[in-house]
Amino acid sequence: MNTIELPVDPDTPIPGGRHTVRAACPHDCPDTCAMLVTVENGRAVRVAGDPGHPPTHGALCTKVSRYPERTYHPERVLHPLKRVGPKSGPPRFERVSWDEALDAIAQRLAGIAGRAPGAAQAILPYSYAGTMGLVQGESMAARFFHRLGGSRLDRTICASAGAAALTATYGGKVGMHVEDYARAKLILIWGSNSIASNLHFWSFAQQARRAGARLVCIDPRRTETADKCHEHLALRPGTDGALALALMHELITHGWLDHDYIERHVDGWPALRERALQWPPARAAEVCGLEAAQIRALAHDYATTRPAAIRLNYGMQRAHGGGNAVRLIALLPCLTGAWRERGGGLLLSASGWAAGAIDSAALGRPDLMPQALPRIVNMSTIGDDLLRPTSPEFGPRIEAVIVYNSNPVAVAPQSGRVAAGFARDDLFTVVLEHFMTDTADLADYVLPATTQLEHLDVHASYGHTYVLVNQPAIAPLGQALPNTEIFRRLAQRMGFDEPCFGDSDEQIARAAFRADRIDVDALWARGWLRLPVPEQPFADGGFPTPHGRAIVDAPGLGVPDHLPNHESAASTPALAARYPLAMISPPARHFLNSTFVNVRSLRSIEGEPLLEIHPEDAAPRGIADGAVVTVFNDRGRYRCKAAVSTRARHGVVNGLGIWWRKLGLDGTNVNELTHQRLTDLGRAPAFYDCLVEVRAESSPQAERAGPGQASTAETTPA
Ligand SMILES: Nc1nc2c(c(=O)[nH]1)N[C@H]1C(S)=C(S)[C@@H](COP(=O)(O)OP(=O)(O)OC[C@H]3O[C@@H](n4cnc5c(=O)[nH]c(N)nc54)[C@H](O)[C@@H]3O)O[C@H]1N2
Ligand SMILES: Nc1nc2c(c(=O)[nH]1)N[C@H]1C(S)=C(S)[C@@H](COP(=O)(O)OP(=O)(O)OC[C@H]3O[C@@H](n4cnc5c(=O)[nH]c(N)nc54)[C@H](O)[C@@H]3O)O[C@H]1N2
Ligand SMILES: [Mo]
């Protein structure tokens with residue numbers, strides 16, 4: 001406990017009837033900021049970053065600074081709503097009381113569950129990280145579905161390929177302290193648009209740069225982060241494994257390995273050494289679409305600059321071989337001994353540091369599950385799974401879905417199928433939400449949930465090594481209730497009488513962390529605490545694997561290799577001939593996945609759904625900057641505006657942001673085109689492994705003439 005800091009700056013009253021409340025940003029972002037909420041006469045008027053919290057350092061990103069605007073948004077759902085009319089028609093709802101809604105929902109769920117033992121598996125919870133809070137995430141909700149015996153959800157939509165890879169290699173989701181990037185002399189920013197999605201890491205990278213560090217960005221897209229790095233390697237999507245193997249080739253052939261570190265702290269290197277020797281830079285250059293000289297220079301810099309740090313992010317694992325690529329990259333700092341110095345090493349996820357401190361069994365009570373464990377449904381194949389009939393392999397057809405903290409109709413791959421599944425009139429759908437999202441539009445009941453300003457929560461982070469508490473700043477708006485309270489009331493109606501269904505949010509929050517790891521009173525007083533993580537975790541090995549060594553040849557996985565994309569000239573040449581452009585769809589800077597899309601001030605910055613296309617891909621297709629284009633493949637078509645720009649690399653188009661489908665030109669978004677095939681590890685979606693073709697639909701002149709006048713005549717693609 002000696003690394004835990006004690007309260008030093010207790011809240012000081014502010015003159016004029018205002019007060020501040022210690023809060024935490026709830027969003028799915030590595031930064032998990034400590035926030036200070038200013039409340040005036042019961043209304044939250046400002047959110048700011050806590051200057052005392054080292055990763056937050058007093059700054060919030062643009063979008064979360066608008067959290068009050070989102071909270072008091074005139075379109076907030078503030079009363080329970082019941083659908084009137086069929087799901088094929090426009091979304092029409094009427095206001096009902098909480099009692100009426102909860103009685104009807106409990107009756108429907110009990111009717112399904114009561115048919116036979118195991119019948120409750122026809123009910124599926126669907127949730128992700130709308131809030132990362134341990135209380136409003138999987139506490140009361142998990143208890144409810146465990147006790148009910150509903151299907152278990154495999155929560156794979158974001159990070160599970162990288163997580164499985166990191167665990168196979170290091171034994172857990174562990175890595176550098178984000179603050180230590182300030183000490184690095186070389187930083188590889190690999191598959192991450194840090195300025196957009198990991199801003200507080202970027203501050204440390206800037207400190208390093210001012211102290212003379214070199215910054216290298218490895219990303220198919222020339223992002224705003226790439227613009228600010230010394231060098232940008234714009235590789236083809238899904239070829240990071242080949243690049244890592246070629247870097248290893250150079251480390252071997254130039255004698256740049258740290259043999260002592262490898263000998264003592266790496267298991268199975270000889271087999272990988274053999275494989276890497278088959279990847280001279282020229283071979284990788286061919287696969288990655290880079291120059292061999294660039295790869296040689298990168299290997300030289302990485303091997304000879306110390307401390308050398310890698311900030312890997314989840315963007316690069318959203319392809320068929322994403323898991324193998326993460327395994328290869330995670331071994332690089334073990335081969336050069338970069339872990340020896342403070343400021344050297346790698347970070348993909350730090351969530352494993354907190355995992356030991358979180359009491360997830362107390363939170364979610366898996367012991368309440370029936371003895372015959374319910375089947376598992378993968379959230380990433382929800383499109384197919386909602387449309388599947390009962391079968392011996394799949395089990396019962398899904399009859400009811402309870403959605404909370406997620407917007408699957410917009411965010412899940414191949415969203416045409418997802419929307420078709422949710423549009424089933426025989427499917428009973430309940431959505432706990434702040435807003436009428438694409439998913440809420442297809443619900444039978446929409447239940448108003450509180451926002452972070454209105455409820456209590458505690459948080460860990462996947463990008464730093466602190467835990468935080470979020471105190472409610474204001475009373476719930478309208479009739480909104482915390483997720484916990486909604487499931488508490490449902491549990492009562494279902495007759496679940498275990499005492500845990502009576503726990504208050506305060507009780508859950510205090511029990512979320514193991515008392516021997518976290519001083520909860522100190523956490524409550526200070527708002528955040530640093531976890532007891534060693535300053536230089538792997539300077540002398542000590543990975544959380546069974547033998548303390550990093551692992552090359554993980555059981556059942558073999559030696560990592562480069563795997564070509566599901567959809568690529570290498571693996572599907574006929575498809576690549578019809579759909580020659582690779583499409584990636586990274587997040588928009590001013591949205592958080594599909595959250596904030598409806599906040600006017602942020603949407604006006606993002607403008608509208610865009611597809612970036614390289615001038616040399618645009619010209620032969622007759623696509624002008626600003627023209628409406630159709631992006632299509634065998635799964636569907638998506639219309640948006642083209643941005644002809646060298647931000648896209650030749651052969652790759654960038655569909656930016658997960659817009660709400662209903663805000664798109666044709667009621668679709670970029671996920672209309674993505675597929676449901678999974679990654680090599682972790683059963684995750686391969687969002688950025690997707691071939692498309694693009695054709696022009698109108699000239700920018702026609703667009704400027706006004707809405708509704710754009711030509712819809714189809715032109716033949718070049
Ligand atoms: N502003 C903002 N911040 C966010 C989010 C958001 O939507 N908006 N989303 C949050 C979430 S849920 C997550 S999971 C995190 C993580 O976020 P990430 O998924 O890491 O997202 P980005 O930082 O945009 O990094 C993705 C980058 O990877 C690049 N990329 C795509 N394919 C490849 C590839 O094959 N190889 C390489 N090397 N790069 C590739 C993309 O061009 C993009 O610049 O960010 C979080 N932060
Ligand atoms: N094409 C493409 N698709 C992607 C990605 C991509 O890069 N490209 N990124 C993927 C990634 S990394 C992720 S993590 C997923 C994200 O997928 P989701 O986790 O579904 O994220 P959001 O779209 O932000 O939706 C979260 C919803 O939760 C709601 N919410 C927030 N707080 C609360 C609360 O306290 N209670 C309740 N009841 N609701 C709340 C918000 O209003 C919001 O509508 O999307 C994935 N989809
Ligand atoms: Mo994510």
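Every chain's residues receive numbers from 1 upward, in the order its sequence appears when written. Key to labels: chains lettered from A, ligands numbered from 1, both in the order written. Restriction of local features to residues with pLDDT of at least 70 applies here, the model being predicted, together with a cutoff of 80 or more for giving and counting side-chain atom pairs; totals for whole chains, interfaces and linings are based on all residues. Excluded from the side-chain calculation are hydrogens and water; included are all heavy atoms of the structure.

### Thoughts on the overall build of the protein chain
Comment: elements are numbered from the N terminus, with helices defined as DSSP H or I runs of at least four residues and strands as E runs of at least two. Scanning the protein chain from N- to C-terminus turns up 26 helices and 27 strands. Using C-alpha atoms as the atom set, the radius of gyration is obtained and then compared with a globule rule of 2.2 Å times the number of residues to the power 0.38. Over its C-alpha trace the protein chain gives a radius of gyration of 25 Å, about what one expects of a compact globule, namely 27 Å for 718 residues. Each of the three principal axes of the protein chain carries a C-alpha extent, and together these read 70 × 70 × 60 Å. Only protein chains enter the accessibility calculation, which uses a 1.4 Å probe. A residue is then buried if its area is under 20% of the maximum for its type, exposed if over 50%, and partly exposed in between. Scored against the burial criterion, the 718 residues of the protein chain give a buried share of 62%. Methods summary: accessible areas were calculated by the Shrake-Rupley approach with a probe of 1.4 Å, and residue burial reflects only the protein chains presented. A total accessible area of about 25400 Å² is found for the protein chain, and carbon and sulfur atoms account for 52% of it.

### A closer look at the site of ligand 1
In this text, near means that some heavy atom of the residue lies within 4 Å of the molecule or strand in question. In the region of ligand 1, 35 residues are neighbours, and Ser-197, Asp-219, Asp-240, Arg-318 and Phe-591 sit closest. Here Lys-63 contributes a side-chain N or O atom positioned 3.3 Å from a nitrogen atom of ligand 1. For ligand 1, a nitrogen atom lies 2.7 Å from a polar atom in the side chain of Asp-240. Within the complex, 98% of the 900 Å² of free accessible area of ligand 1 lies under protein. Broken down by class, the residue content of the shell around ligand 1 amounts to 19 nonpolar, nine polar and seven charged. Looking at which domains feed residues into the shell around ligand 1, each of domain 2 (161–352 + 538–551) and domain 3 (573–704) gives three or more. Any N or O atom pair separated by 3.5 Å or less is treated as a polar contact, with the protein-specific requirement of one donor-capable and one acceptor-capable atom, and with residues adjacent in sequence counted only for side-chain atom pairs. Gly counts as polar in this scheme, as do all residues outside two lists: the nonpolar Ala, Val, Leu, Ile, Met, Phe, Trp, Tyr, Cys and Pro, and the charged Asp, Glu, Lys and Arg. Each domain's extent is set by a domain assignment, obtained either automatically or from a database.

### Observations concerning the site of ligand 2
Surveying the vicinity of ligand 2 reveals 31 residues, the closest of which are Ser-406, Glu-433, Ser-594, Thr-595 and Tyr-688. Between Ala-129 and ligand 2, the recorded distance is 3.4 Å, taken from a backbone N or O atom to an oxygen atom. Within the contact set of ligand 2, a nitrogen atom lies 2.9 Å away from a side-chain nitrogen or oxygen of Ser-585. Protein burial of ligand 2: of its 930 Å² of free accessible surface, 97% is covered by the chains. Looking at the shell around ligand 2 residue by residue, the classes come out as twelve nonpolar, 15 polar and four charged. Built from parts of two domains, the shell around ligand 2 gets at least three residues from each of domain 1 (81–89 + 104–149 + 359–466 + 476–518) and domain 3 (573–704).

### A short note on helix 11 (residues 269–276)
Three or four residues apart is the spacing at which side chains of an α-helix point the same way, because the helix has 3.6 residues per turn. All of the buried residues in helix 11 are Trp-269, Leu-272 and Ala-276. Along the long axis of helix 11, the arc covered by the buried residues comes to 65°, so they all point the same way. In the core, the buried residues of helix 11 are packed alongside helix 9 (240–253), helix 10 (259–265), strand 11 (266–267) and helix 14 (322–335). To be clear, the arc concerns the directions from the helix axis to the C-beta atoms. Residue contacts follow a heavy-atom distance rule, with two residues in contact if any of their heavy atoms lie within 4.5 Å.

### Here's the deal with the packing of aromatic side chains
Side-chain rings of Phe, Tyr and Trp, where Trp is taken by its six-membered ring, are said to pair if the distance between their centres is within 6.5 Å; with planes under 30 degrees apart they count as stacked, over 60 as edge-to-face, and otherwise as tilted. Tallied over the full model, the rule gives 20 aromatic pairs. For the pair Phe-144 and Phe-496, a centre-to-centre distance of 5.5 Å together with 50° between the ring planes defines the contact as tilted. Remark: Phe-496 occurs in the loop between helix 20 (483–493) and helix 21 (505–511) and Phe-144 occurs in helix 4 (residues 140–148); sequence separation between them is 352 residues. Among the residues examined, Phe-144 registers a relative accessible area of 0% and is labelled buried. For the pair Trp-339 and Phe-538, a centre-to-centre distance of 5.0 Å together with 85° between the ring planes defines the contact as edge-to-face. Pair noted here: Trp-339 is in the loop between helix 14 and strand 13 (345–347) and Phe-538 is in the loop between strand 20 (528–530) and strand 21 (550–551), with a separation of 199 residues, a long-range link. By relative accessible area, which is 2% here, Trp-339 ends up buried.

### Side note on the pattern of salt bridges
The working definition used for a salt bridge is a side-chain nitrogen of Lys or Arg within 4 Å of a carboxyl oxygen of Asp or Glu. The tally for this structure, following the rule as stated, stands at 51 salt bridges. Arg-488 serves as the salt-bridge partner of Asp-505, at 2.6 Å between the closest nitrogen and oxygen. A residue pair is termed long-range when its members are at least 10 positions apart, and Asp-505 in helix 21 and Arg-488 in helix 20 qualify at 17 residues. The structure contains a network of salt bridges with shared partners spanning Asp-258, Asp-260, Arg-264, Arg-340 and Asp-540.

### A word on the nonpolar core
Tyr-126, Phe-144, Trp-190, Phe-422 and Phe-487 are the most contacted members of the largest nonpolar core, which totals 181 residues. Side-chain atoms within 4.5 Å are what join buried Ala, Val, Leu, Ile, Met, Phe, Trp, Tyr and Cys residues into a set we call a nonpolar core. In terms of nonpolar packing, the next biggest core, distinct from the first, is built from 29 residues, Leu-477, Phe-591, Val-597 and Leu-602 among them.

### Here we look at the packing of helix 12 (residues 281–288) against helix 13 (residues 292–304)
Every angle, taken between N-to-C directions, lies between 0 and 180 degrees, and every axis is a line fitted to C-alpha atoms, over only the stretch in contact when it is a helix. At a minimum axis distance of 8 Å, the contact between helix 12 and helix 13 shows a crossing angle of 115°. Read as a crossing pair, helix 12 and helix 13 show a hand that is right-handed. Contacts from Pro-281, Ala-282, Ala-284 and Ala-285 in helix 12 reach Ala-292, Ile-295 and Arg-296 in helix 13. In terms of residue class, the contact of helix 12 with helix 13 is made up of six nonpolar, no polar and one charged. Take the far helix as your reference; a near helix turned counterclockwise from it by less than a right angle gives a left-handed crossing, and one turned clockwise gives a right-handed crossing.

### Some points on the sheet that holds strand 26 (residues 652–656)
Think of a sheet as strands paired side by side through backbone hydrogen bonds, with each pair either parallel or antiparallel. The mixed closed barrel is built from six strands, whose spatial order is 22-26-23-25-24-27. Taken over all neighbouring pairs, the strand axes of this sheet differ in orientation by 45° on average, direction set aside. A pair of strands is labelled paired if DSSP reports no fewer than 2 bridges between them. Where strand 24 (residues 628–633) meets strand 25 (residues 636–644), six bridges bridge the pair, whose relative direction is antiparallel. In the strand pairing of strand 25, Val-628 is matched with Lys-641.

### Things to note about the confidence of the model for the protein chain
Known as pLDDT, the predictor's confidence for each residue is given on a scale from 0 to 100. Scored by pLDDT, the protein chain comes out at a mean of 94, with 95% of its residues at no less than 70. Here residues 1–14 scores under 50 on pLDDT; set against residues more than four positions off or in separate chains, the count is 27 contacts. Here residues 702–718 scores under 50 on pLDDT; set against residues more than four positions off or in separate chains, the count is 22 contacts.

### A short note on the pairing of strand 17 (residues 445–448)
Residues Tyr-445 and Leu-447 of strand 17 are buried on one face, and the alternating residues Val-446 and Pro-448, pointing to the opposite face, are buried as well. As defined by bridge partners, strand 4 (residues 81–83) adjoins strand 17 across two bridges and the pair is classed as antiparallel. Counted as the bridge partner of Leu-81 is Val-446 from strand 17. Here strand 16 (residues 428–433) pairs with strand 17 via four bridges, running parallel.

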